[in-house]
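# Inside the fold
Letter by letter, the chains look like this.
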Amino acid sequence: MTQQQLSGYAPTPPAARMENHGSAMVKIAMQSGHDIFARTGSMIAYEGFIQYEPNPPAVRQMASQWITGEGAPLMKCSGDGVLYLADYGADVVCIHLDGEALSVSGTNLLALDAQLQWGVQRVKGMAKFAGQGLFNVGISGTGWVALTSRGTPIVVDCGRGEDETYVDPDALVAWSTNLKMKGRRSFKASSMIGRGSGEAYQLGFSGQGFVVVQPSEDSTDRLRARG
Amino acid sequence: MAAPLVPPGTPMTPPAAPVPPPSAPGIPGGGHPAPYGHPAPGHAPYGAPGQAPYGGAPGHGVPQGPPPGQFPPQAAPYGQAPGMPHPGQAPVVPQDGGPGLGVVLEKYKEAPTGQRWTLQNSKLVRVDLGIDGQPVLARQGSMVLYQGKVDFNYKGAGLRGRLVGNATGQEMQLMRCTGQGQVFFAEDSTHIHPVELQGDALCVSADSVLAFDESLQHEVRRVEGHGIPGGALFTLQFQGTGTVVIKTHGTPVVLPVTPTTFADANAVVAWSAAAQVIVSSQVSMRRHAYPGHSGESVNLQFRGAPGNFIVVQPYEV
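A brief structural summary. (Residues numbered from 1 in each chain as written. Chains lettered and ligands numbered in written order. Predicted model: local features only at pLDDT ≥ 70, side-chain atom pairs only at ≥ 80, totals over all residues. Heavy atoms only, no water.)

## Details of the overall build of chain A
Which entries qualify depends on this criterion: Numbering of helices and strands runs from the N terminus, with a helix taken as a DSSP run of H or I at least four residues long and a strand as a DSSP run of E at least two residues long. For every residue, the accessible area (1.4 Å probe, protein chains only) is compared with the maximum for its type, and the residue is labelled buried under 20%, exposed over 50%, or partly exposed between those bounds.
Tallying secondary structure elements over chain A gives two helices and 15 strands in all. Looking at chain A as a whole, 54% of its 227 residues qualify as buried.

As structure tokens, this is what we get:
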């Protein structure tokens, strides 16, 4: 059997803690003592000795807002080796936070360093409308974060002009923590009779910072839907 | 402390920082004990002799990164391991920082303005409504982001439009975007292609239209032919001056129309209206009677002057 066609996809030696392998896969170089919180069910392969602890107590406490009775959506991975994570072909973006802070939509968070500070908030006003509710994970500190995005994301600067930036909550991936956020309904009576524009609610952001948006409005949580 | 190539105070080290080659038998100096890789009784240490060392043999190219002083509170520096019994076998990976937030996100920045329609990346298009103040019609719910004062309203097709749309399957659920500002459209991370019409016409399947300028006229066109399930094929024809944004599942192929251009009726997304469409069906009385038939029963043949094109997506609806 010749593997010449496939050999180009062999992993490169890890050069950083989190790296992309292709566009839709993240490769995490694990070291014991440096744990990772990853989305439950996102592991696709690993090399080495890595242990998984679903629903760890630390996460259960932090994510008590987020959990909906099925347990926390994060698992703790510890050990030595290389861990590969993916979320059904979504693009993965690895970011190293260097004392910066970032808010990530719950469904778009793939993995984060356990040493980062993080907390879960429910976005006010949106929970009632956006179906399952929108959860926001605030992350700060120094370490790595992996986000998913269905399609190449776009980063939009909010501080341009006096107008606010409005985002479809289904397409929102991440935003800078210092932005002011408020829900906005553009819900008219006409949509009750089938004449809606399809855009019923948006999140408005104001202040200096950026918003990351994915080119897809499919916000279903594939990792969770699988159970 | 060993003399790492990177000064310990350097806040950030690019991952490709020149690090000493692997299997350096103990980087000189260093007073840190190596907790990692110590042969602990009871379990085989990771990377113990006899095991295939993770990350390849020594000299495989695993960068043995000296700690750039990134995690000061940690007592044990990774990648140092001067007292390790088997140097070079550790899965030593730089645990330092990569490029920061701003650098990572830089490549996803918004493309500069200037035109009315700007493709931001292959899956996202931005329209600047302020450039000539003309409203845009878009598929309902396809807005992902907007800046400025933009209003989204239902756009009805009218009674006749609804009847025609219903009968032909070429109906679109549209919304009308008016106001001043920039609107970003995307849907299901499909690939997006703005096509600018300058008085010419384009035939697009209604399912593949994402947005278009209100100045364009569109009507349902019938493709004649025998052997099509359902009697006939219908498409939308856009005409006038303005831009139509079409979406494809996957990277499409744009074929020039030659005397022998054929396309599957289910995969063809758009074609320039000057091309003539002929339905070429393989007529065979027994084509559904046996299991091995090709499944390709209705093909569209395109004919036209050079300069015409068709767009085919790798996805059959």
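So much for the structure itself; the text now carries on.
## Topic: the overall build of chain B
Operational definition: It only takes one pair of heavy atoms within 4.5 Å for two residues to be counted as in contact. Residue burial considers only the protein chains on display, and all accessible areas are found by Shrake-Rupley using a 1.4 Å probe.
The number of helices and strands found in chain B is two helices and 15 strands. Long-range contacts, defined as pairs at least 24 residues apart, comprise 77% of the intrachain contacts of chain B with a sequence gap of at least 6. Accessible area for chain B stands at about 15,200 Å²; split by element, carbon and sulfur atoms hold 56% of it.

## Thoughts on the packing of aromatic side chains
Test applied: To pair, rings of Phe, Tyr and Trp, with the six-membered ring standing in for Trp, must have centres within 6.5 Å; the planes then decide the type, stacked if under 30 degrees apart, edge-to-face if over 60, and tilted in the middle.
Under the criterion given, the structure shown has seven aromatic pairs over all chains. Centroid distance Y166 of chain A to Y146 of chain B: 4.8 Å. Interplanar angle 25°. Geometry classified as stacked. Note that Y166 of chain A is positioned in strand 11 (residues 165–167) and Y146 of chain B in strand 4 (residues 143–155), a pairing that runs across two chains. Taking relative accessible area as the criterion, Y166 of chain A reaches 11% and is therefore assigned buried. Assessed through its relative accessible area of 1%, Y146 of chain B is described here as buried. An angle of 65° between the planes, with centres 4.8 Å apart, marks the rings of F212 of chain B and F238 of chain B as edge-to-face.

## Some words on the side chain of S103 of chain A
The topology assignment puts S103 of chain A in strand 6 (residues 91–105). In this view, S103 of chain A contacts N136, V137, G138, V173, A174, W175 and T177 of chain A; residues no more than four positions away in its chain are not counted.

## Topic: the environment of A174 of chain A
Residues and elements named next belong to chain A. Along the chain, the position of A174 falls in strand 12 (residues 172–175). For A174 and V104, which are 70 residues apart along the polypeptide, the C-alpha to C-alpha distance reads 4.2 Å. Ignoring any residue separated from it by four or fewer positions in sequence, one finds A174 in contact with L102, S103, V104, L147, V211 and V212.

## Points about the pattern of salt bridges
Quick reminder of the rule: Salt bridges are defined by distance alone: a side-chain nitrogen of Lys or Arg within 4 Å of a carboxyl oxygen of Asp or Glu.
All told, the structure shown has 11 salt bridges over all chains when counted by the stated rule. The salt bridge partner of D113 of chain A is R17 of chain A, with a shortest N-O separation of 2.8 Å. Here D113 of chain A is found in strand 7 (residues 109–113), whereas its partner R17 of chain A is found in the segment before strand 1 (18–20), with 96 residues between them in sequence. Just as D113 of chain A is buried, R17 of chain A falls in that class too. With its nearest N and O atoms 3.5 Å apart, the salt bridge here joins D87 of chain A to R150 of chain A. In this pair, D87 of chain A sits in the loop between strand 5 (74–85) and strand 6 while R150 of chain A sits in the loop between strand 9 (135–149) and strand 10 (154–157), placing the two residues 63 residues apart along the sequence. Through salt bridges with shared partners, one network takes in R116, D132 and D213 of chain B.

## So, the layout of surface pockets
Residue and element names in this part refer to chain B. We apply this condition: We place a 1 Å grid over just the protein atoms. Points where a 1.4 Å probe fits but has no way out form a cavity, open points with protein on both sides within 12 Å along at least 5 of 7 lines form a pocket, and any residue with an atom within 4 Å of a point lines it. Grid points are joined across faces, edges and corners, and a volume is the space filled by probe spheres set on the points.
Roughly 530 Å³ of internal volume is contained in the largest pocket. Around the largest pocket sit 20 residues that line it, and A157, G161, R162, G165 and H218 are the ones nearest its centre. For the lining of the largest pocket, the elements supplying multiple residues, two or more each, are strand 4, helix 2 (158–168) and strand 8 (217–223). Counting residues per element, the lining of the largest pocket draws most heavily on helix 2, at six residues.

## A few points about the environment of A63 of chain A
All names here are of chain A. Here A63 shows up in the loop between helix 1 (57–62) and strand 5. The exposure class assigned to A63 is buried, which follows from its relative accessible area of 0%. Separated by 74 residues in the primary sequence, A63 and V137 place their C-alpha atoms 9.0 Å from one another.

## Let's talk about the pairing of strand 6 (residues 191–204) of chain B
Let me state the cut-off plainly: In this scheme, strands are said to pair when DSSP sees at least two bridges between them.
Across 12 bridges, strand 6 of chain B lies against strand 9 (residues 233–248) of chain B in antiparallel orientation. What sits directly across from H191 of chain B, in strand 9 of chain B, is T248 of chain B.

## Overview of the nonpolar core
For clarity, the threshold we go by: Nonpolar cores were defined as sets of buried Ala, Val, Leu, Ile, Met, Phe, Trp, Tyr and Cys residues, with membership established by side-chain atoms within 4.5 Å.
Ranked by size, the top nonpolar core spans 28 residues in total, and within it I95, L102, L112, W118, I139 and L147 of chain A carry the most contacts. The residues contacting I95 of chain A, other than those within four sequence positions of it, are L102, G143, W144, V145 and L147 of chain A together with L101, V104 and L105 of chain B. Of all hydrophobic cores here, the second largest spans 19 residues; its members include V127, C177, I192 and A211 of chain B.

## Quick notes on the environment of A305 of chain B
Locating A305 of chain B in the fold gives a position in the loop between strand 14 (298–303) and strand 15 (309–312). Distance from A305 of chain B to V125 of chain B, taken between C-alpha atoms, is 31 Å for residues 180 residues apart in sequence.

## Some thoughts on unusual backbone geometry
All names here are of chain B. Positive phi is not limited to glycine here, since D188 has a value of about 50°. Relative to the helices and strands, D188 resides in the loop between strand 5 (174–185) and strand 6. For D188, a relative accessible area of 47% corresponds to the partly exposed category. One non-glycine residue with positive phi stands out, namely S189, at about 45°.

## Side note on the state of the cysteines
Residue and element names in this part refer to chain A. To keep things clear, this is the line we draw: The disulfide criterion is simple: two cysteine sulfur atoms within 2.5 Å.
With the rule as written, the count across this model stands at zero disulfides over all chains. There is no disulfide at C94, and the cysteine sulfur nearest it, in C77, is 15 Å away. In this structure C94 comes out as buried when scored by relative accessible area, which is 9%.

## As for the side chain of T243 of chain B
Secondary-structure assignment places T243 of chain B in strand 9. With sequence-adjacent residues up to four places away left out, T243 of chain B is seen in contact with W117, P194, V195, E196, A211, F212, D213 and L216 of chain B.

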